[in-house]
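# Structural overview for review
So you can see what is in the structure, the chains are spelled out below.
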Amino acid sequence: LHEKMGPLERGLIILAIRPDGTVRIMQEMIRAKLGDRFLSPPPFSLETCYNDSKPEVPLLFVLTMGADPMSELMNLAVS
């Protein structure tokens, strides 16, 4: 049965039986169809973002628990 099902069918079964496994199965589907590069975040460079920004297009930070960009901001301000 497992060999006959595609990634979408497996994902739907996992969603119905084990909702906590949904993230893992979605990552497997993305990896199979699109590749690993769609699962890992791109490298972040504050300097590059700053150079791309304009007064009309400000930088916005969406922070998560424990994230503190202040040291990177201070290093950018010094340079």
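Below is a summary of the structure that appears in this document.

Reading guide: rules and limits
Residues numbered from 1 in each chain as written. Predicted model: local features only at pLDDT ≥ 70, side-chain atom pairs only at ≥ 80, totals over all residues. Heavy atoms only, no water. Axes fitted to C-alpha atoms, helices over the stretch in contact; angles between N-to-C directions. Helix = DSSP H or I, 4+ residues; strand = E, 2+ residues; numbered from the N terminus. Parallel < 35°, antiparallel > 145°, perpendicular 65-115°, else oblique. Contact = heavy atoms within 4.5 Å. Nonpolar A, V, L, I, M, F, W, Y, C, P; charged D, E, K, R; others polar. Expected span 1.5 Å × (residues − 1). Buried < 20%, exposed > 50% of the residue type's maximum accessible area, 1.4 Å probe, protein only. Arc of directions from axis to C-beta.

Attention shifts here to the packing of helix α1 (residues 7-17) against helix α2 (residues 22-33). Their axes nearest at 9 Å, the elements α1 and α2 cross at an angle of 175°. On the basis of the axis angle, α1 is roughly antiparallel to α2. Here P7, L8, R10, G11, I14 and L15 of α1 lie close against α2, whose contacting residues are T22, I25, M29 and K33. Counted by class, the contact of α1 with α2 contains 6 nonpolar, 2 polar and 2 charged residues.

Let us now look at α2. Between its first and last C-alpha atoms α2 spans 16 Å; for 12 residues at 1.5 Å apiece the expected length is 16 Å, and the two agree. Taken residue by residue, α2 has T22, I25 and M29 as its buried positions. Relative to the axis of α2, the buried residues are bounded by an arc of 70° and lie together on one face. Taken together, the buried residues of α2 touch α1. Taken from the residues just after α2, G35 is the one with a positive phi, measuring 105°.

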